[in-house]
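Next come the chains, spelled out residue by residue.
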Amino acid sequence: MQANFSLAAVDIHQLLEQNWGYKKFRPLQEEIIQSVLAGNDTLALLPTGGGKSICFQVPALAMEGICLVISPLIALMKDQVEQLKKRNIQAIAIYSGMSRREIDVALDNCVFGKIKFLYLSPERLQTEIFLERVKRMNVCLLAVDEAHCISAWGESFRPPYAQIADFRLLLPQVPVIALTATATEKVKIDIQEKLSFVRPNVFQQSFARSNLSYSTYLEEDKERRLLTILQKVSGTAIVYVRSRKRTKAIAEWLQRCGIRADYYHAGLDNTQRSARQDAWIQNRTRVIVATNAFGMGIDKPDVRIVVHLDLPDTLEAYYQEAGRAGRDERKAYAVVLYNPGDVQDLERRVLQSYPAITVIRHVYQALANYYKLAVGSSQFASYDFDLEDFKDVFQLNVAETYQALKRLEEAGFIQLNESYYNPSKLYFTVDNRQLYEFQVANAAYDPLIKLVLRMYGGEVFTNFMTISENAIAKQLHASVKDVIAYLTRLHQQQLLVYDQQKDKPQLTFLTPRYDAADLPLEVRLLENRKQRDLEKARSVKHYVQHTVRCRTQLLLEYFGEITDQTCGVCDICLQRKKLEPDLREGAAELRERILYSLQPGELSLQNLVKQLKNENEKKLLQTVQAMVGVGELRYLANGNLVWVR
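Each value, and the rule that gives it
- Residues numbered from 1 in each chain as written.
- Predicted model: local features only at pLDDT ≥ 70, side-chain atom pairs only at ≥ 80, totals over all residues.
- Heavy atoms only, no water.
- Helix = DSSP H or I, 4+ residues; strand = E, 2+ residues; numbered from the N terminus.
- Rg over C-alpha atoms; globule rule 2.2 N^0.38 Å.
- Buried < 20%, exposed > 50% of the residue type's maximum accessible area, 1.4 Å probe, protein only.
- Pairing = 2+ DSSP bridges.
- Axes fitted to C-alpha atoms, helices over the stretch in contact; angles between N-to-C directions.
- Contact = heavy atoms within 4.5 Å.
- Phe/Tyr/Trp six-rings, centres within 6.5 Å; stacked < 30°, edge-to-face > 60°.
- Lys NZ or Arg CZ within 6 Å of the ring centre and 35° of its normal.
- Disulfide = S-S within 2.5 Å.
- Polar contact = N/O pair within 3.5 Å; in protein donor to acceptor, adjacent residues only side chain to side chain.
- Expected span 1.5 Å × (residues − 1).
- Salt bridge = Lys/Arg side-chain N within 4 Å of Asp/Glu carboxyl O.

Visitor: For the overall build of the protein, give the residues involved together with the corresponding values.
Guide: Within the protein, the regular secondary structure consists of 26 helices and 21 strands. Against the globule reference of 26 Å for 645 residues, the protein gives a C-alpha radius of gyration of 28 Å, in line with a compact fold. C-alpha atoms of the protein, sized along the principal axes, occupy 100 × 60 × 55 Å. Among the 645 residues that make up the protein, the fraction classed as buried is 54%.

Visitor: Lay out the sheet that holds strand β4 (residues 117-120) in plain terms, naming residues and giving numbers.
Guide: Pairing within the open sheet is parallel, and its seven strands lie in the order β3-β4-β2-β5-β6-β1-β7. Looking along the sheet, the strands with just one partner apiece sit at the ends: β3 (91-94) and β7 (202-204). Each strand of the sheet is rotated relative to its neighbour by a mean of 20°, with strand direction disregarded. The pairing of strand β1 (residues 42-45) with strand β6 (residues 176-180) spans four bridges and is parallel. Within the sheet, the bridge partner assigned to T42 lies in β6 and is I177. Packing against the sheet, helix α2 (residues 29-37) makes contact with β1, β5 (139-144), β6 and β7, and its axis sits at approximately 165° to β1. Here helix α8 (residues 185-194) sits on the sheet and contacts β1, β6 and β7; the angle it forms with β1, its principal contact strand, is near 150°.

Visitor: Requested: an account of the sheet that holds strand β14 (residues 382-384), with residues and values cited.
Guide: The strand order across the open sheet formed by three strands is β14-β19-β15, and the pairing between neighbours is antiparallel. Taken across any chain shown, the strands that pair with only one partner, and hence form the sheet edges, are β14 and β15 (414-417). Taking each pair of neighbouring strands and ignoring which way they run, the sheet shows an average axis angle of 20°. Bridge count between β15 and strand β19 (residues 506-509): four bridges; the pairing is antiparallel. Looking across to β19, one finds that N417 is bridged to Q506. Against the sheet, helix α16 (residues 398-410) makes contact with β15 and β19, and its axis sits at roughly 125° relative to β15, the strand it touches most.

Visitor: Can you explain the packing of aromatic side chains? Please cite residues and give values.
Guide: Remark: the centre distance and the inter-plane angle together describe each pair of aromatic rings, the angle taken between the planes. According to the stated counting rule, one finds 25 aromatic pairs in the structure shown. Seen from their ring centres, Y370 and Y371 are 5.0 Å apart, and the 70° between their planes marks the pair as edge-to-face. Overall, Y371 belongs to the buried group, its relative accessible area being 15%. Through successive ring pairs, a cluster of aromatic residues spans Y364, Y370, Y371, Y383, F385, F390, F394, F413, F509 and Y514. Geometry around Y217 places R225 over its ring, the cationic atom sitting 4.2 Å from the centre.

Visitor: How would you summarise the pairing of β1 if you had to cite specific residues and measurements?
Guide: Neither face of β1 is exposed, since T42 and A44 on one face and L43 and L45 on the opposite face are all buried. Here β1 pairs with β7 via three bridges, running parallel. Bridge assignment links L45 to a residue of β7, and that residue is Q204.

Visitor: Which residues make up the environment of F394, and what values do they have?
Guide: Considering the arrangement of structural elements, one finds F394 in the loop between α15 (387-393) and α16. The spacing of F394 and K222 is 172 residues in sequence and 38 Å in space, taken between C-alpha atoms. Not counting residues within four places of it along the chain, the set of residues in contact with F394 comprises A366, N369 and Y370.

Visitor: I'd like a rundown of the state of the cysteines, residues and numbers included.
Guide: Overall, the coordinates contain zero disulfides when judged by the stated rule. C55 takes part in no disulfide bond, and the closest cysteine sulfur to it belongs to C67, at a distance of 12 Å.

Visitor: Can you tell me about helix α3 (residues 54-62), naming the residues and giving the values?
Guide: Within α3, eight of the nine residues are buried, leaving the element largely enclosed by the surrounding structure. Along α3, the residues that are buried comprise I54, C55, F56, Q57, V58, P59, A60 and A62.

Visitor: An account of the side chain of T236 is requested, with residue identities and associated values reported.
Guide: Among the secondary structure elements, T236 is positioned in strand β9 (residues 236-240). You can call T236 buried: its relative accessible area is 6%. For T236, the side chain forms a polar contact with the side chain of N283, separated by 3.1 Å. If we ignore the near neighbours within four places in the chain, the residues touching T236 are W280, N283, R286, K300, D302, V303, R304 and I305.

Visitor: An account of helix α11 (residues 270-281) is requested, with residue identities and associated values reported.
Guide: Within an α-helix, residues lying three or four positions from one another point in the same direction, as the helix has 3.6 residues per turn. The first and last C-alpha atoms of α11 sit 16 Å apart over twelve residues, in line with the 16 Å expected at 1.5 Å per residue. Of the positions making up α11, those classed as buried are N270, R273, R276, A279 and W280. Two to three positions downstream of the cap, the backbone nitrogen of T271 sits 3.1 Å from a side-chain oxygen, assigning the N-cap of α11 to D269. N283 lies just past α11 and shows a positive phi near 70°.

Visitor: If you had to explain the pattern of salt bridges to someone new, which residues and values would you point to?
Guide: Under the definition given, this model contains 33 salt bridges. Two residues, E185 and K188, come together in a salt bridge whose shortest N-O distance is 2.5 Å. A residue pair is termed a helical-turn pair when its members lie 3 or 4 positions apart in one helix, as E185 and K188 do in helix α8 at three residues. In this structure, E410 and R529 form a salt bridge, with 3.1 Å as the shortest nitrogen-oxygen distance. With E410 in helix α16 and R529 in helix α21 (residues 523-545), the pair connects residues that are 119 residues apart, well separated along the chain. Assessed through its relative accessible area of 18%, E410 is described here as buried. On the accessibility criterion, R529 (4% relative accessible area) is buried.

Without other data, these values stay purely geometric and don't point to any function.
Written out as structure tokens, the structure is:
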């Protein structure tokens, strides 16, 4: 279980070109990789599209042994495993919904096979089956993806991430690389402390995107402005909205306006999601209207515009979603359209998302009753979940119930996967000799068994293989129903394990079932999270309503990156360029008053407005904006203005 670092002969550039086809690394990737190869605990902050996965995949390939990748998102795990397999790199994932036998086989392959990457959720780290096997694995690297989840101050806090530090005690010589696209200063410190870094070690690429123009517009008719934008800016687009119903309504309206649009959300089945995603990636669909379920793990470099028709809950979410535009480093646009009601709804939504503790306990008890679970049972058991049926059975309020489920998920009691798809899998539990004897004794099954072996090869004896009942039925000239029936009977006779396709939302109990009255909810933590979310909502409000400072500067400051340099391409910078001649020609007297007010020292913009209350406020703000633009005034890290003398 010791990492092997005596690998000077390994050429990481050669690995990059052989496996990914790139001749050179992106900014900071090589420095991060060298830090990992030197055995250092490393925190890598790269913006969306910055190539985070290569930062742990390349050094892992340069080492002997297996890399454990901790990730909270099943869809992202599956996507990365598939991408690695396409490059002939052995990778596997363990996630909720898999049978114990499937997990058992996967872990055996990690111990005895040639698996290079094992992806798993943080909840799996403390399970007995994993802890016993990992002691027999030659682990070279621990990669923690979406590392902000470890911090209560971060986006999408996940309590099981806190177990990673304890898990590291089993692998004392194995370095950890933590990766995230967004982290404030507080979160960066928290990540390193919670992961027990030997010493602070952060690599951070600037959050600035020089090719991306950020804009926000106050609009009463947001849909009409959206249409105007799409008519002016050619190329592929993503439009983000909050509700599933709204994705369909907006997409159909755009279609009526002559734009090739479609919609995407977690409620669609896997076939629909895949077809719509592929059509958009291949440019058959120009505009995809989606909830935030869309975009994670999708690498489409030529997106020209991302429009938020509804306000995001946090600037972290906005930065990631907006950052899906312009990954090819060509000019792209990120636009927020909002009205006064949207701003008022931000804090109201946060307050509504934290139901009373009694409601959370009631929903948890209802889940136990729904699935008829005994106290102390069902850890890691997964079930099909239909929210509509669940709330009808127990006469629950749907919005309140959904938020209670999210709080239970954040607290680490359940996991709710709304866009779950797990294809059918097959694994032979007998060896070749036993299988042959069965075929001789049961001639009716012989054609099916021979076909499965021909289609999927000998690996079905060592690993669960993804199969297609449709493809098997076509080759056998039989119905899909008959194929399923045959495979089910073979499963019942313990000749093989047949895990049939699942395509419904999955709810997994991550802990043994509690009595609801004894459910250990941390009330103070919930209150702290609510206050944190309110702060984040106010940051979004400040960002969209701001009319003076460069949008890139506002985003950079939020993530702890202070700069005097303006982007020159956001809506505020472009407006400032129009104002600079006016500043030279007609605002000299007002400029002098502003400088006089700032002579004693720094002032907030609000206090400056109060001091110059007799001035036209709009003209005052425009003049301040222009003075900042030409470098005469500067904003400090605390948001106050200062005269640059």
